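Observations on the three-dimensional arrangement
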Amino acid sequence: MDGTPLLIEAAKAGDPDAWAELYRRYRGPVLAFLTRRTGNRALAEDLTQDTFVRAMACIGGYRWTGKDMGAWIITIARNIMFDHDKRRATRSESTVAAVDDSDAGICVEDLALSAVEAQRICSALSTLTERQRAALTLRYLDDLSSREVAAAIGIRVGALKTLTYRARSNLRRTLEHPRHTGRRPARLAGPR
């Protein structure tokens, strides 16, 4: 055995050397796969980086079965490529000259409020378990199907639906009732 199970466990624990070794082992095959599929080396390099970022987010759900981890990483690469193709097909592109250089009616106050809301959501996401966070991120931010997320995390689709439901419930509860607001609730004045 080449130490892969130990390497995977170290990567799950966040060991940067383990991640460097996994990257070194699988970068070449992933890049070759994506280059063949896209026909564009620069795009394949970008998608390879995205693949390893997603692998890092999902490693907690990976279970060693005695088979090479490369198949799992290639599956992630394939999903990344499909996501890219879907976004490209639905994105409307315009030339740089067609873009107006004005603020397009964007209100700075709205941008500031959006940034505050994004920070609030990121803080709430950090209260979820790693697996719940990965499920929500892959499903709603990366726009993967339930089947793709289940495969990436290493669980069945039914289990993913339960995990996602619980994650959304926990997130909603955290957003509705933040635990740490930084101040105590005011006491109501009343008779003593």
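Model, not experiment: these values are computed from the prediction. Position numbers for residues count from 1 along each chain, tracking the sequence in the order it is written. Given that the model is predicted, a residue must reach a pLDDT of at least 70 before its local features are reported, and side-chain atom pairs must reach 80 or more before they are shown or counted; all residues, however, enter totals for whole chains, interfaces and linings. Only hydrogens and water are removed before side-chain values are computed, so all heavy atoms of the structure are retained for them.

**Focus: the environment of Leu34**
Here a helix means four or more residues in a row that DSSP labels H or I, a strand means two or more in a row labelled E, and each is numbered from the N terminus. Mapped onto the secondary structure, Leu34 falls in helix α2 (residues 16-38). Sequence spacing of Leu34 and Ala77 is 43 residues, and the spatial spacing of their C-alpha atoms is 7.3 Å. For this analysis, residues touch if any pair of their heavy atoms sits within 4.5 Å. For Leu34, the contacting residues outside a window of four places in its chain are Gly39, Ala44, Leu47, Thr48, Thr51, Ala77 and Met81.

**Quick word on the packing of aromatic side chains**
The pairing test for Phe, Tyr and Trp rings, Trp by its six-membered ring, is centres within 6.5 Å, and the orientation test on the planes gives stacked under 30 degrees, edge-to-face over 60, and tilted for anything in between. For the coordinates displayed, the defined rule picks out 2 aromatic pairs. Ring centres 4.8 Å apart and planes at 70 degrees place the aromatic pair Tyr23 and Phe52 in the edge-to-face group. With Tyr23 in helix α2 and Phe52 in helix α3 (residues 41-58), this residue pair connects regions lying 29 residues apart in the sequence. The class of Tyr23 is partly exposed, set by a relative accessible area of 26%. Residue exposure (1.4 Å probe, protein chains only): buried if accessible area is under 20% of the type maximum, exposed if over 50%, otherwise partly exposed. Taking relative accessible area as the criterion, Phe52 reaches 6% and is therefore assigned buried. For the ring pair Tyr62 and Trp72, a centre distance of 4.8 Å and an interplane angle of 50 degrees mean the geometry is tilted. Here Trp72 lies in helix α4 (residues 70-90) and Tyr62 lies in the loop between α3 and α4, a separation of 10 residues in the sequence. Of the residues examined, Tyr62 reaches a relative accessible area of 7% and is grouped as buried. Given the relative accessible area of 10%, Trp72 is considered buried.

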